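Remarks on the overall topology
In case you want the letters, here they are:
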Amino acid sequence: MTLQEILEHRRAVRIYDPNKPLDDEKVKSCIRLSTLAPTSSNMQLWECYHVTNPEVLQKLTHACLDQSSARTAQQMVVFVTRQSRHRDHAKQVLKAGIDDILKNSPKDRQEHRIRLQKLYYNGLMPMQYSRFLGIKGILNKLLAQCIGLFRPIVRQVSEGEVSTVVHKSCALAVQTFMLAMSEQGYDTCPLEGFDSRLVKKALHLPYNCGINMIITCGIRLPEGVRGDRMRIPFEEQYHKV
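Residues numbered from 1 in each chain as written. Predicted model: local features only at pLDDT ≥ 70, side-chain atom pairs only at ≥ 80, totals over all residues. Heavy atoms only, no water.

1. Overview of the packing of helix H5 (residues 86-104) against helix H6 (residues 107-129)
Put simply, H5 and H6 touch, their axes get as near as 10 Å, and they point 170° apart. It follows from the interaxial angle that H5 and H6 lie roughly antiparallel. Across the interface between the two elements, His-86, Arg-87, Ala-90, Val-93, Leu-94, Gly-97, Ile-98, Ile-101 and Leu-102 from H5 touch Gln-110, Arg-113, Ile-114, Gln-117, Lys-118, Tyr-121, Asn-122, Met-125, Pro-126 and Tyr-129 from H6. Residues belonging to the contact of H5 with H6 are distributed by class as follows: 11 nonpolar, five polar and three charged. (Axes fitted to C-alpha atoms, helices over the stretch in contact; angles between N-to-C directions. Helix = DSSP H or I, 4+ residues; strand = E, 2+ residues; numbered from the N terminus. Parallel < 35°, antiparallel > 145°, perpendicular 65-115°, else oblique. Contact = heavy atoms within 4.5 Å. Nonpolar A, V, L, I, M, F, W, Y, C, P; charged D, E, K, R; others polar.)

2. Things to note about the nonpolar core
Generally speaking, nonpolar side chains in soluble globular proteins are found buried as a group. Within the largest apolar cluster, 24 residues are counted, with the highest numbers of intra-cluster contacts made by Leu-60, Val-78, Val-199 and Ile-214. Looking at this core element by element, the count peaks at four residues for helix H3 (residues 54-63). With residues up to four places along the chain from it excluded, the contact list for Leu-60 reads Val-51, Met-76, Val-78, Val-199, Ala-202 and Leu-203. Core analysis: the next-biggest nonpolar cluster, separate from the first, contains 20 residues, Leu-22, Val-77, Met-213 and Cys-217 among them. (Core = buried A, V, L, I, M, F, W, Y, C linked by side-chain atoms within 4.5 Å. Buried < 20%, exposed > 50% of the residue type's maximum accessible area, 1.4 Å probe, protein only.)

3. Quick word on a nonpolar patch on the surface
On the surface, a cluster of nonpolar side chains totalling about 670 Å² of accessible area is made up of Phe-132, Leu-133, Ile-135, Ile-138, Leu-139 and Leu-142. Given a relative accessible area of 52%, Leu-139 falls into the exposed group. (Patch = residues over 30% accessible without salt bridge, like charges linked within 9 Å, V, L, I, M, F, W, Y side chains within 5 Å. Areas by Shrake-Rupley, 256 points an atom, 1.4 Å probe, with all protein chains shown as cover. Salt bridge = Lys/Arg side-chain N within 4 Å of Asp/Glu carboxyl O.)

4. Quick word on the pairing of strand E3 (residues 187-191)
Across the five residues of E3, four count as buried, placing the element largely inside the fold. Bridging between E3 and strand E4 (residues 210-218) involves five bridges; their strand directions are antiparallel. Paired with Asp-187 across the strands is Gly-218, a residue of E4. (Pairing = 2+ DSSP bridges.)

5. Quick word on the pattern of salt bridges
Counted according to the given criterion, the structure contains five salt bridges. Between Glu-47 and Arg-85 there is a salt bridge whose closest N-O contact spans 2.7 Å. Separated by 38 residues along the polypeptide, Glu-47 in strand E1 (residues 46-51) and Arg-85 in the loop between strand E2 (75-81) and H5 bring together distant segments of the chain. Its relative accessible area of 34% is what places Arg-85 among the partly exposed residues. Asp-99 serves as the salt-bridge partner of Lys-95, at 3.2 Å between the closest nitrogen and oxygen. In this pair, Lys-95 and Asp-99 are both assigned in helix H5, four residues apart and thus about one turn of the helix distant.

6. Points about the side chain of Thr-216
On the secondary structure map, Thr-216 appears in strand E4. Classification of Thr-216 as buried rests on a relative accessible area of 0%. A distance of 2.8 Å separates a polar atom in the side chain of Thr-216 from a polar atom in the side chain of Tyr-16. Looking at Thr-216, its side chain comes within polar contact range of the side chain of Ser-69, at 2.7 Å. If we ignore the near neighbours within four places in the chain, the residues touching Thr-216 are Val-13, Tyr-16, Ser-69, Ala-70, Ala-73, Gln-75, Met-76, Asp-187, Thr-188, Cys-189 and Leu-191. (Polar contact = N/O pair within 3.5 Å; in protein donor to acceptor, adjacent residues only side chain to side chain.)

7. A few points about the state of the cysteines
Scanning the model with the defined rule gives zero disulfides in all. The cysteine Cys-170 is free of any disulfide, with Cys-48 supplying the nearest cysteine sulfur at 8.5 Å. Since its relative accessible area comes to 0%, Cys-170 is described here as buried. Cysteine Cys-189 remains unbridged, with the sulfur of Cys-64 as its closest cysteine sulfur at 9.8 Å. (Disulfide = S-S within 2.5 Å.)

By themselves, these figures tell us nothing about what the structure is for.
Shown next, in the form of structure tokens:
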């Protein structure tokens, strides 16, 4: 399918066909494609759980308020944020960045670029993503406001704002996954109506991860799509400056 056909095919499906199972490997391939989505500073502070076990699916269905999309889903993919892994991810991204600089950058620029990478991932990233009862974010906010008096600076540095950044990056991966599934002829529905405590319990997740979205998966029944697609008039959303 063309991109337009993929986008037009993708709908939020509420009822799936119980007689049409999904190929686990094809779904896994779509998840792999989702890792190609961009993330802030390439930190990739998310992961997903591909759920095919009937017992776990039943638990997640209840956690999703027993919605029809969850009750009839053949599989689910749960995307979660893992901000607590920022130090490990920063080390991995830094190592890859240095390797890339040594491989592709001019010799006379390598030392300078490596120094900048180390400052960014060894200094700024831990300051940006670490948490301490909201106090760390308040201090970051005050620092950003002071520096912002003299030059442009990123001001979204409170703990809540940084958490939003992590969730936005995860959401880019979610959208990529759903489009990949559509290209396969599979259907999905993104759910935000769920009990996050029960979801974490069903998947044995730690308290400090965030449930970004639960994606139900299957092949639609005709009645699984609720009518025509409605969108706000484009003229109300498009602004040329």
